[in-house]
Amino acid sequence: MLAIEAVNLVKVFGSFKAVDGVTLKVEEGVIFGLLGPNGAGKSTTIRMILGLLKPTSGSIKVFGIDVEDDRSSVLKITGYMPQHFSLYEDLTVEENMRLYASLYGLNGRETEERILELLDEFMLKEFKGRLAGKLSGGMKQRLSLAVALLHRPRLLIVDEPTAGVDPPLRRYFWEKFRELKKRGVTILVTTHYMDEAENCDRIALMSKGKVAAEGSPLEIKRLAYGGDIIEMVVAGNPREVLKETAAKVLDFEENGSYSRVRLLVPDASEYLIPLTRELEAYNVKVVRAYPVSLSLEEAFIRLTTGDGVSS
Amino acid sequence: MMGALVALMIKDIKQLLRDPRSLLMVLLMPPAVMAMFVSGYGEERSEVPIIVVNLDEGAISWQLIELLRSSGSFKIVAYAPTMEAGIDLVRRGEAYAALIIPEGFSESVMKGYSTKIVTVLDAAYAMISELVWQAAVIMVQVFMKTASEMYGTFYIEVVRQTVYGPEVRSVDSFTSTILGVLLHLVPMSLIAVSISRERERKTFEQLIMAPVSGWQIVMGKFIAYALVTITDMVAVFGFAVYVLGVRVSGPPTVLILVSILLLLCSLSLGLLISAISRNQLQAYQAAIFFFIPSMLFSGFFMPVELLSPSTRAFGRVLPLYHFLRAFRNVQLRGWGFRDIVPECLSLLFETLIFLAAAIRLLKLRVD
Ligand SMILES: Nc1ncnc2c1ncn2[C@@H]1O[C@H](COP(=O)(O)OP(=O)(O)OP(=O)(O)O)[C@@H](O)[C@H]1O
Ligand SMILES: [Mg+2]
């Protein structure tokens, strides 16, 4: 089942197209990352999915429910943590939680249990009497996530949950996300941290209001480079021989009696051994051969700047 | 359902009490509006409705009446046969004064005797009474001057009488005005910024992600603000009566009832403004903007009857109009609850209309 099915979303602000034909299909039970530079239209897309903004055109279904028709049913199963802290700064941590527990219709016992549980889980117990406005940035994020989880949503949408959060807490948040995923919760997350994005099952890369690329982190990297990269250290200078193979030479560096080459292949795991064999058949001695792990960051930059491979 | 409403209401009460700005507004608005009140007074006057009681049998009295009629200061709405009937019409609010021309008026003028004209003034409207009195004195003097050329010298004394007297101090007649400001502009502008503040602070975005409906948000704020401001209102009222010693002829409970109704109406109108405003500044300006015509055309300075017909029609739908009528009649004329039922119903009706419109127009979106 699709947790989110957004088809051809367009959002125009005045004469500016913030979102320009975005289609997203998020399978139930996955962690789906929405990446893209500032102003790409991530938050706007999320707001449309949640029915906070009316799309200029396009349709959205959450677990098969049309958001336009039956938003309240969608809200009951959806948790949202906005990009900017949006709880009441003049209410305390506990008051905010109690308010939202009532709004989500939790009964007395559930409220007590859930609040205790979440205060504990997000290390907020000792601050429960503090005004939310007086919390530090990381505490605010913790409270915000706790409130988003109060009613045990099936779909959690978090917009830059780790912005301004220290590394241990970032790690903790991602542990939570994986834990939730294990319990069957679908998560849509935006982030600017590429190490976090590696944790996603699928990624959509947005740029200028459009989806520039979509797939697993590995697929995204392949898309950015046109394949996988293999590095080899070989004896001699087999430049001419390499031209005969299926690999594309990206980089060639002669170093005494050895050469270091970087090759582009469609799939590293499939090509590594056959390629080694092929070279040896040409009497080129392969000293070392290994797939190069590419950074998502590099792929991201390639795909979103210049004229790249994006279209 | 109700749980969410109560939770929202409690939240709004807490926020209201923890927000020093809103409390400041409650304190600072009245003097600011008073300043507006003083500087804004400068409307052209139209004709004051009066009653004429002519007990004279001669023709000269009609010359005086003709002069009054053409003066531009008065509009004679009725001729009463007896003094009692004339005074009764003033008491019932049909006119602001009765001019009584005595028996034998024409004869006294022709014979050069001295005679008198009695003006019976409605002291509940001190300002208008003063106006009528002055205009009557002037017109009688004009009459004496022209008539003496024909009939020789004579003298007319203008005698002043009041109903609801003996006298109304200015603080008494100002009470309704000040309460009008306190119960209309202050709560209206206070609540007008409430929803737009949530929009500006982004809390609205989180709030409408919970399964709440528009009516819960609107009614939660309405009840919260009503509870907080009613307390404030009763304090102001008590201050006026017990500290300033404002005169109250009718039952105080009825005055409090009318005041609460205006307060609720103001809050609902403020909520309507809030529901359709994009930001706090806009909402605040809209509240002030609405208050200005309210002040001009509701009988705040001058009775609505004296306005041009189209503005009069507009004036009669203003909440402040119903309030001022009801309040003044109870406070100064000693009317009871029964007499002001129409005004109370109007206020209640408008409150419901404004609330319904606010709920209808509140968009649960962030754009
Ligand atoms: N309410 C609005 N009115 C006008 N323009 C808007 C509005 N909201 C967003 N935009 C514009 O739409 C574009 C996309 O904004 P959006 O917030 O979706 O970007 P984003 O991808 O979330 O960026 P970031 O990573 O900085 O959060 C931006 O150019 C922004 O200025
Ligand atoms: Mg954003």
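1. With respect to the coordination of the magnesium ion (ligand 2)
Residues and elements named next belong to chain A.
- Bound to the magnesium ion (ligand 2) are the protein donor atoms Ser-43 (OG) and Gln-83 (OE1), situated 1.9 to 2.1 Å from the metal. Note that Ser-43 is positioned in helix 1 (residues 42–49) and Gln-83 in the loop between strand 6 (78–81) and helix 3 (93–103), a separation of 40 residues in sequence.
- For Gln-83, a relative accessible area of 28% corresponds to the partly exposed category.

2. Focus on the site of ligand 1
Residues and elements named next belong to chain A.
- As a structural note, the neighbourhood of ligand 1 is formed by 14 residues, with Gly-39, Lys-42, Ser-43, Thr-44 and Gln-83 the closest of them.
- For ligand 1, an oxygen atom lies 2.5 Å from a polar atom in the side chain of Thr-44.
- At 3.0 Å from an oxygen atom of ligand 1 is found a side-chain nitrogen or oxygen belonging to His-192.
- For ligand 1, the accessible surface in isolation is 630 Å², of which the surrounding protein chains cover 64%.
- Listed by contribution, the elements that provide at least two residues to the shell around ligand 1 are strand 2 (16–27) and helix 1.

3. A word on the interface of chain B and chain A
- If you look at the interface, chain B gives 24 residues, while chain A gives 29 residues.
- Across the interface of chain B and chain A, roughly 2,500 Å² is buried in total on both sides, 59% from carbon and sulfur atoms.
- When the area that chain B buries against chain A is broken down by residue, the three leading residues are Gln-206, Met-209 and Pro-211 of chain B, summing to 29%.
- The interface formed by chain B and chain A includes five salt bridges.
- The salt bridge involving Arg-201 of chain B is made with Asp-90 of chain A; its shortest N-O contact spans 4.0 Å.
- Summed over the shared surface of chain B and chain A, the number is 15 residue pairs in polar contact (both at pLDDT 80 or more).
- Secondary-structure elements contributing two or more residues to the side of chain B that touches chain A are helix 1 (2–18) and helix 8 (203–207) of chain B.
- With eight residues, helix 1 of chain B is the single largest residue contributor to the side of chain B that touches chain A.
- The residue makeup of the side of chain B that touches chain A, split by class, is 11 nonpolar, four polar and nine charged.

4. Section: helix 10 (residues 268–281) of chain A
All names here are of chain A.
- In a regular helix each residue adds 1.5 Å, so 14 residues correspond to 20 Å; helix 10 covers 20 Å between its end C-alpha atoms and thus fits that length.
- Buried residues of helix 10: Ala-268, Leu-272, Leu-275, Thr-276 and Leu-279, and no others.
- Two residues or fewer past helix 10, Asn-283 is found with a positive phi of approximately 65 degrees.

5. So, the environment of Thr-253 of chain B
- The topology assignment puts Thr-253 of chain B in helix 10 (residues 252–276).
- In the structure, Thr-253 of chain B is positioned 29 residues away from Ala-224 of chain B in sequence and 23 Å away in space, judged by C-alpha atoms.

6. So, the confidence of the model for chain A
- For chain A, mean pLDDT is 92; residues scoring 70 or higher make up 98% of the total.
- pLDDT under 50 marks residues 307–311 of chain A. Its contacts with residues more than four places away, or in other chains, come to six contacts.

7. Examining the confidence of the model for chain B
All names here are of chain B.
- Per-residue confidence for chain B gives a mean pLDDT of 83; residues scoring 70 or more make up 88%.
- Mean pLDDT across the elements of chain B bottoms out in helix 2 (residues 20–39) (55) and peaks in helix 14 (residues 341–361) (97).
- Prediction confidence for the complex, expressed as pTM and ipTM, is 0.77 and 0.86 respectively.

8. Observations concerning the environment of Met-233 of chain B
Residues and elements named next belong to chain B.
- Position of Met-233 relative to the elements: it lies in helix 9 (residues 214–243).
- On the basis of relative accessible area, Met-233 is assigned to the buried category, the value being 2%.
- Taking the C-alpha atoms as reference points, Met-233 and Leu-179, 54 residues apart in sequence, are found 8.6 Å from one another.
- Leaving out residues up to four positions away in the same chain, Met-233 has contacts with Leu-183, Ile-256, Ser-259 and Ile-260.

9. With respect to the sheet that holds strand 1 (residues 48–54) of chain B
Residue and element names in this part refer to chain B.
- The sheet built from five strands is open, its strands ordered 2-1-3-4-5 with mixed pairing. Two strands lie at the open edges of the sheet, namely strand 2 (74–80) and strand 5 (155–163), each paired on one side alone. Direction aside, the axes of adjacent strands within the sheet are offset by 25 degrees on average.
- As paired strands, strand 4 (residues 114–122) and strand 5 are joined by nine bridges and run parallel to one another. Within the sheet, the bridge partner assigned to Thr-115 lies in strand 5 and is Ile-156.
- Contacting strand 1, strand 2, strand 3 (97–101) and strand 4, helix 3 (residues 60–70) crosses the sheet at an angle of about 140 degrees to strand 2.

So, how was this worked out
Residues numbered from 1 in each chain as written. Chains lettered and ligands numbered in written order. Predicted model: local features only at pLDDT ≥ 70, side-chain atom pairs only at ≥ 80, totals over all residues. Heavy atoms only, no water. Donors = N, O, S within 2.8 Å, 3.2 Å for Na, K, Ca; no water. Helix = DSSP H or I, 4+ residues; strand = E, 2+ residues; numbered from the N terminus. Buried < 20%, exposed > 50% of the residue type's maximum accessible area, 1.4 Å probe, protein only. Near = heavy atom within 4 Å. Polar contact = N/O pair within 3.5 Å; in protein donor to acceptor, adjacent residues only side chain to side chain. Areas by Shrake-Rupley, 256 points an atom, 1.4 Å probe, with all protein chains shown as cover. Contact = heavy atoms within 4.5 Å. Buried area = accessible area lost by both parts, 1.4 Å probe. Salt bridge = Lys/Arg side-chain N within 4 Å of Asp/Glu carboxyl O. Nonpolar A, V, L, I, M, F, W, Y, C, P; charged D, E, K, R; others polar. Expected span 1.5 Å × (residues − 1). pLDDT = per-residue confidence, 0-100. Pairing = 2+ DSSP bridges. Axes fitted to C-alpha atoms, helices over the stretch in contact; angles between N-to-C directions.

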